[in-house]
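Chain by chain, the residues run as shown.
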Amino acid sequence: MPDAHRDRPRVLHIVPALFGSKGVLGGAERYALELARYMADVIPTRLLTFGDQSRSERQGNLDIRVVGNPWCVRGQASNPVSAAIFGEVLNADIIHCHQQHILASSLAALTSKLAGRKVFVTDLGGGGWDISAYTNTDRWYRGHLHISEYSRSVFGQENKPWSHVILGGIDIKKFSPDPSVKRDGSVVFVGRLLPHKGVNYLVEAMPPDVPLKLIGQPMEDRFFRDLQALATGKQVTFHNDFTDADIVRAYRSALCVVLPSVYRHLYGEETKVPELLGQTLLEGMACGTPVICTDVASMPEIVEDGRSGFIVPPNNPSAICERIVWLRDHATEAAQMGEAARQRVLDKFTWPGVVQRCLEIYSQS
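Residues numbered from 1 in each chain as written. Predicted model: local features only at pLDDT ≥ 70, side-chain atom pairs only at ≥ 80, totals over all residues. Heavy atoms only, no water.

In this section: the overall build of the protein. Scanning the protein for helices and strands turns up twelve helices and 16 strands. Across its three principal directions, the C-alpha atoms of the protein cover 60 × 45 × 40 Å. Each of the 365 residues in the protein was classed as buried or not, and the buried ones make up 53%. Considering only contacts in the protein between residues 6 or more positions apart, those separated by 24 or more positions represent 68%. When the accessible surface of the protein is summed, it comes to about 16,100 Å², and 49% of that surface belongs to carbon and sulfur atoms. (Helix = DSSP H or I, 4+ residues; strand = E, 2+ residues; numbered from the N terminus. Buried < 20%, exposed > 50% of the residue type's maximum accessible area, 1.4 Å probe, protein only. Contact = heavy atoms within 4.5 Å. Areas by Shrake-Rupley, 256 points an atom, 1.4 Å probe, with all protein chains shown as cover.)

Within a sheet, each strand pairs with its neighbour through backbone hydrogen bonds, oriented either parallel or antiparallel. Spatial strand order, β13-β12-β11-β14-β15-β16: six strands in an open sheet with parallel pairing. Edge positions in the sheet fall to β13 (236–239) and β16 (309–312), since each has one partner strand and no second. Looking at each pair of strands side by side, their axes are set apart by 20° on average, direction ignored. Set on the sheet, helix α7 (residues 244–253) makes contact with β11 (186–190), β12 (212–215) and β14 (254–259); between it and β14 the angle comes to about 110°. (Pairing = 2+ DSSP bridges. Axes fitted to C-alpha atoms, helices over the stretch in contact; angles between N-to-C directions.)

Our focus in this paragraph is the pairing of strand β7 (residues 94–98). Counted residue by residue, β7 has five buried out of five residues, so it is predominantly covered. Burial along β7 is two-sided: the residues Ile94, His96 and His98 and Ile95 and Cys97 are all buried. The pairing of β7 with strand β8 (residues 118–122) spans five bridges and is classified as parallel. Bridge pairing in β8 places cysteine 97 opposite valine 121. Traced from β7 through helix α3 (residues 103–115) to β8, the parallel crossover comes out right-handed. (Right-handed = clockwise from strand over helix to strand, strands pointing away.)

What follows deals with the pattern of salt bridges. All chains considered together, the criterion is met by 17 salt bridges. Of the charged contacts, one joins arginine 307 and glutamate 304 as a salt bridge, the two residues approaching to 3.9 Å between their closest N and O atoms. The network of salt bridges with common partners includes Arg46, Arg65 and Glu88. (Salt bridge = Lys/Arg side-chain N within 4 Å of Asp/Glu carboxyl O.)

Let us now look at the nonpolar core. Here is a general trend for soluble globular proteins: nonpolar side chains tend to be buried in one another's company. Ranked by internal contacts, the top residues of the largest apolar core, which has 80 residues, are Met39, Val187, Leu202, Leu214, Ile324 and Tyr362. With seven residues, helix α12 (residues 351–364) is the largest single contributor of residues to this core. Among residues more than four places away in sequence, those in contact with valine 187 are Leu202, Met206, Val210, Pro211, Leu212, Lys213, Leu255, Cys256, Val258 and Ile324. Grouped together as the second largest cluster of nonpolar side chains are 22 residues, Phe50, Ala92, Ala104 and Val119 included. (Core = buried A, V, L, I, M, F, W, Y, C linked by side-chain atoms within 4.5 Å.)

Turning our eyes to something else, we now look at the packing of helix α8 (residues 279–286) against helix α11 (residues 331–348). Their axes nearest at 7 Å, the elements α8 and α11 cross at an angle of 115°. Of the two elements, α8 crosses α11, and the hand of that crossing is left-handed. Listed contacts from α11 to Leu282, Met285 and Ala286 of α8 are Gly338, Ala341, Arg342, Arg344 and Val345. Of the residues assigned to the contact of α8 with α11, the class counts are five nonpolar, one polar and two charged. (Left-handed = near helix turned anticlockwise from the far one by under 90°. Nonpolar A, V, L, I, M, F, W, Y, C, P; charged D, E, K, R; others polar.)

Our next topic: the environment of proline 208. Counting through the fold element by element, proline 208 comes out in the loop between α5 (199–205) and β12. Residue proline 208 is classed as exposed on the basis of its relative accessible area, which comes to 57%. For the pair proline 208 and valine 236, spaced 28 residues apart in the sequence, the C-alpha separation amounts to 9.2 Å. Apart from the residues lying within four places of it in its own chain, the contact partners of proline 208 are Gly233 and Gln235.

Okay, the side chain of glutamate 34 next. Following the sequence through the fold, glutamate 34 ends up in helix α1 (residues 27–39). On the basis of relative accessibility, which here comes to 19%, the residue glutamate 34 falls in the buried class. Polar contacts involving the side chain of glutamate 34 include one to the side chain of arginine 37, which spans 2.7 Å. (Polar contact = N/O pair within 3.5 Å; in protein donor to acceptor, adjacent residues only side chain to side chain.)

Let us now look at a nonpolar patch on the surface. Among the surface-exposed residues, Val154, Phe155 and Val273 lie close enough to one another that they form a single nonpolar patch of about 180 Å² accessible area. Inspection of the secondary structure puts valine 273 in the loop between β14 and α8. The class for valine 273 is partly exposed, based on a relative accessible area of 34%. (Patch = residues over 30% accessible without salt bridge, like charges linked within 9 Å, V, L, I, M, F, W, Y side chains within 5 Å.)

With that settled, the discussion passes to the environment of arginine 264. The residue arginine 264 is located in the loop between β14 and α8 in this model. On the basis of relative accessibility, which here comes to 43%, the residue arginine 264 falls in the partly exposed class. When the C-alpha atoms of arginine 264 and histidine 196 are compared, they prove to be 6.9 Å apart, with 68 residues separating the residues in sequence. Filtering out sequence-adjacent residues up to four positions away, arginine 264 remains in contact with Tyr201, Glu269, Glu270 and Asn315.

In this model, the protein carries a mean pLDDT of 93, and residues with pLDDT of at least 70 account for 95%. A low-confidence stretch, residues 1–5 stays under pLDDT 50, and its non-local contacts, those more than four residues away or across chains, total four contacts. Counted against residues more than four places away or in other chains, residues 20–24, with its pLDDT under 50, gives seven contacts. (pLDDT = per-residue confidence, 0-100.)

Further remarks concern the packing of aromatic side chains. Evaluated as defined, the whole model comprises eight aromatic pairs. Ring plane angle 40° and centroid distance 5.0 Å describe the contact between phenylalanine 120 and tyrosine 362, whose orientation is recorded as tilted. With a gap of 242 residues between them, phenylalanine 120 in strand β8 and tyrosine 362 in helix α12 connect regions that are remote in the sequence. In this structure phenylalanine 120 comes out as buried when scored by relative accessible area, which is 0%. Exposure remark for tyrosine 362: the relative accessible area of 1% places this residue in the buried category. What links up through ring pairs into an aromatic cluster is the set Tyr31, Tyr38 and Trp351. Over the face of the ring belonging to tyrosine 267 we find arginine 222, whose NZ or CZ atom lies 3.5 Å from the ring centre. (Phe/Tyr/Trp six-rings, centres within 6.5 Å; stacked < 30°, edge-to-face > 60°. Lys NZ or Arg CZ within 6 Å of the ring centre and 35° of its normal.)

Here it is, written out as structure tokens:
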């Protein structure tokens, strides 16, 4: 049979971080993988990434190439480079880099420009040693595709015609309500246990009779010890071995999902970009669960205050506690919020929607 995709542009996604069972599959890597996977259902798409061993695999319609044993610039694991980039770029028509300020993206952008290929970039945080430390590489790309208005603003591109917002998506089948799962009254946090996530303020906020599930890896020993101390006398449990199915069940059974990220954390350090999107909020909302977030970064773009959840001031345990208690004491209204949260995701945050925005920008740029 003829290939229906044969005459269509070929898209290459490049994600630099180490990938796979022994690699780093964090939020940025998951974003690139899911976008490429859904895009492959519409247009020929490949994903190029890096790992300990070379391999090729196929997920649905997506071809994935993992380049083994790359050179890590200045020893930076999140900044791998390989000559394989050049051949992959030349075999594609459209290149979409995930991360701007790493050498692999700069090389892909230069090669694309010289070869007449269209190249775009989505910055998902992070970076490493790169040419962009010495010269502005913004216009090496046809377009910058941001995952939130906050991202576009923090990079100073809100008024640039080549800067666009594509948002983020959720697998609405995987993350979905299940009426057979009963609500257990728990509060759920999903994410790495890091100070800028504001988890300590959530632990402080918890009423003694409301259980809190902290789902994620402890990343700093001092912070983890402080969380354990704050949890004394409260119904706080730590889970660092949950499977995806366990996480979905936790979302479905929760009273609410909370993401309490802050600009300045308890040790006094400050970050401008604690959240570029807020993926775990979207996952919980897609499961029909109301959410609570802080008025920080991109999260107010996701949550409709008083409709799909609540937005509270950062670094404020009392405000978080007040909203948790309200949800506990207003079961009917909380259920309605959960329904509105699910609809919010369906209306604005699906992967097919993100793919369509990308394809329109690719064709118009």
